[in-house]
Amino acid sequence: MGVGKSTVGQRLAERLGTGFRDTDEDIVVAEGRAIAEIFVDEGEPAFRALEKEFVRRALAGHEGVLALGGGAILDDDTRALLDGHRVVYLSMDVESAVQRTGLNVARPLLAVNPRKQWRELMDARRNLYESVATAVVSTDGREPEEVTEAVLDALELKTVIPGGQPPDPRPEDTMANQVTRIQVGGSAGSEPYEVLIGRQLLGELGTLIGPKAKRVAVVHPEALAETGDALRADLAEQGFEAVAIQVPNAEEAKTAEVAAYCWKALGQSGFTRSDAVVGVGGGSTTDLAGFVAASWLRGVRWIAVPTTVLAMVDAAVGGKTGINTAEGKNLVGAFHPPAGVLCDLAALDSLPVNDYVSGLAEIIKAGFIADPVILDLIEADPQAARTPAGPHTAELIERSIRVKAEVVSADLKESGLREILNYGHTLGHAIEKNERYKWRHGAAVAVGMHFAAELGRVAGRLDDATADRHRTILESVGLPLHYRYDQWPKLVETMKVDKKSRGDLLRFIVLDGLAKPTVLEGPDPAVLLAAYGEVGQ
């Protein structure tokens, strides 16, 4: 698994002028669900029986290149069926395997500890692979085209392309292995760092931790217990003294009590200033992990591994860390940039739809304040934007991160420009507090953006078309527009202690036009109430 069977198989078929088929894909299409779901719902034995039947059909009816699932040869009958065929075993060492499979939860047999699980699988399968193979081809350190050439040579096959020249790489193959790196500038006392966006990024983690660290703490939410333990075990195998610190899910993690629990764990583990913290999870987890790292020994190295849209495009980028208090959200915190951010898009594949859509609020915000292309992409197909399988998922996330990277590089500590990133957040944070943080952050920010648009319109700053566009695009992806009208007095009092407020002077980010954010200071209470009249229900 992860060796590149499908990519190499497709290229091999092209070189031979024949067809390509993948039994895993046959199963997914026929069953209408992912293989990982079949494993969870019915167990491995049921999947193996299903796989055996699909391999039998493919061998009987397909004349071209066939890719088999990694465990297909465990069945005696399947191995017998392969007798007489030219079978290629693509081999790969454990380090390459872990880098390629990364955090992809679609690999059910590698869901806990990638290195350990990989070795155990190979110990059980290697002899079987070699027993059925006509040729063994190593993939270590080779690009897909090099592997394809090696297969052709090993089987002494001739291509149908004159001169044997390989075809140009296909766009989808290029994208499959593409990693985008976005640099976030440093400032006095902090170094620049990179945000990596792509798939199969786990192999980058050790490099970001750095050679000086002896101990690593993996802070993870309860919902990602297996992922947190997998990272801990993986880092332990790399030679680090790794501990996993489990914290509550979502906003319940962002309290002084939970931070103190993390500090205690670091102290008991003997953490020094050269050691590192890894925060894996949603925005609340990365906020907490960054704050713990900022406050322990006045600052230790930390790496963010965001697993939600919200965390990738907002919380994990920029170095703003913090916890909540009874008085409001993020009122206690520190500016402490990470050493790097790993945005593994595979983590989004299993994200619940409501969590995914909630993250779209921050993407839409980036579109309104700086990059209208984001809005165009979403409006072109709102339903596709609601799922990680949509055609523009990677581009939407990359564009949003670039917006934030450019802003925070110019203003690390929110002394001016960075305030524009709070578009929709002043009312949004007040709603979150009023709901005791039971509302998703993105849902609250969506209502906050609707309010900010109406405030800009009522104040004579924003044109009707752009204000109306807020409603249509937020509604099209399923984000809320309204909140309870009778809560306005409470919301006003909460907004007075917002980070942007100065004394009793309320300050809001509004738009003077599309991608033209500005500050509105001390608006007349009647203007505020009129704007909220469009939002309240």
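Before going into details, it helps to say that this report is about the structure given with it.

The rules behind these values
- Residues numbered from 1 in each chain as written.
- Predicted model: local features only at pLDDT ≥ 70, side-chain atom pairs only at ≥ 80, totals over all residues.
- Heavy atoms only, no water.
- Phe/Tyr/Trp six-rings, centres within 6.5 Å; stacked < 30°, edge-to-face > 60°.
- Helix = DSSP H or I, 4+ residues; strand = E, 2+ residues; numbered from the N terminus.
- Buried < 20%, exposed > 50% of the residue type's maximum accessible area, 1.4 Å probe, protein only.
- Lys NZ or Arg CZ within 6 Å of the ring centre and 35° of its normal.
- Pairing = 2+ DSSP bridges.
- Right-handed = clockwise from strand over helix to strand, strands pointing away.
- Core = buried A, V, L, I, M, F, W, Y, C linked by side-chain atoms within 4.5 Å.
- Contact = heavy atoms within 4.5 Å.
- Axes fitted to C-alpha atoms, helices over the stretch in contact; angles between N-to-C directions.
- Parallel < 35°, antiparallel > 145°, perpendicular 65-115°, else oblique.
- Left-handed = near helix turned anticlockwise from the far one by under 90°.
- Nonpolar A, V, L, I, M, F, W, Y, C, P; charged D, E, K, R; others polar.
- Expected span 1.5 Å × (residues − 1).
- Salt bridge = Lys/Arg side-chain N within 4 Å of Asp/Glu carboxyl O.

Some remarks on the packing of aromatic side chains
(1) Moving on: Evaluated as defined, the whole model comprises 8 aromatic pairs.
(2) Moving on: Look at F451 and W488: their rings are 5.9 Å apart centre to centre, the planes differ by 50°, and that puts the pair in the tilted class. Placement of F451 in helix α20 (residues 441–458) and of W488 in helix α22 (residues 488–495) is noted, with a sequence separation of 37 residues between them.
(3) Moving on: Residue classification places F451 among the buried residues on the basis of a relative accessible area of 1%.
(4) Moving on: Relative to F508, the ring of F451 has its centre 5.9 Å away and its plane inclined at 65°; by these criteria the two rings are edge-to-face. Taken as a pair, F451 in helix α20 and F508 in strand β14 (residues 507–511) lie far apart in primary sequence, 57 residues in all.
(5) Moving on: The rings of F451, Y485, W488, F508 and Y532 are connected pair by pair, giving a single aromatic cluster.
(6) Moving on: The residue whose ring lies beneath R57 is F54, and the NZ or CZ to ring-centre distance is 4.7 Å.

Digging into the pairing of strand β8 (residues 241–247)
(1) Moving on: Relative to β8, strand β7 (residues 215–221) is paired through 7 bridges, and the arrangement is parallel. For R215, the partnering residue across the bridge sits in β8 and is E241.
(2) Moving on: Handedness of the β7-helix α11 (residues 225–237)-β8 crossover: right-handed.

Considering the nonpolar core
(1) Moving on: In terms of nonpolar packing, the biggest core is built from 74 residues, with V195, L288 and I364 touching the most fellow members.
(2) Moving on: In terms of residue count, the dominant contributor to this core is helix α15 (residues 353–369) (9 residues).
(3) Moving on: When neighbours within four sequence positions are excluded, I364 is seen to be in contact with L375, I378, M449, I473, L474, V477 and L479.

Quick word on the packing of α20 against helix α21 (residues 464–476)
(1) Moving on: Contact geometry for α20 and α21: axes closest at 9 Å, N-to-C directions at 165°. What the angle tells us is that α20 and α21 run roughly antiparallel. When you trace α20 past α21, the crossing you get is left-handed. In this structure, α20 contributes A446, M449, H450, A453, E454 and R457 to the contact, and α21 contributes D464, A467, D468, H470, R471 and L474.
(2) Moving on: Along the lines of polarity and charge, the residues of the contact of α20 with α21 split into 5 nonpolar, 2 polar and 5 charged.

Focus: α20
Since the α-helix turns once every 3.6 residues, residues separated by three or four places project in the same direction.
(1) Moving on: For α20, spanning 18 residues, the distance from its first C-alpha to its last is 25 Å, which sits close to the expected 26 Å at 1.5 Å a residue.
(2) Moving on: With respect to burial, α20 is a largely interior element, 16 of its 18 residues being buried.
(3) Moving on: Downstream of α20 by a residue or two, G460 has a phi angle that is positive, lying close to 80°.

Some details on the pattern of salt bridges
(1) Moving on: Counted by the stated rule, this structure contains 42 salt bridges.
(2) Moving on: Notably, a salt bridge pairs E145 with R11, separated by 3.5 Å at the nearest N-O pair. Remark: R11 occurs in helix α1 (residues 5–16) and E145 occurs in helix α8 (residues 144–155); sequence separation between them is 134 residues. Take E145 and R11: they sit in the same class, and that class is buried.
(3) Moving on: The salt bridge partner of D77 is K52, with a shortest N-O separation of 2.5 Å. Placement of the pair is D77 in helix α5 (residues 76–82) and K52 in helix α4 (residues 44–61), with a sequence separation of 25 residues.
(4) Moving on: Given a relative accessible area of 44%, D77 falls into the partly exposed group.
(5) Moving on: Judged by relative accessible area, which is 31%, K52 ranks as partly exposed.

Honestly, that's just the spatial picture; any functional story needs more than this.
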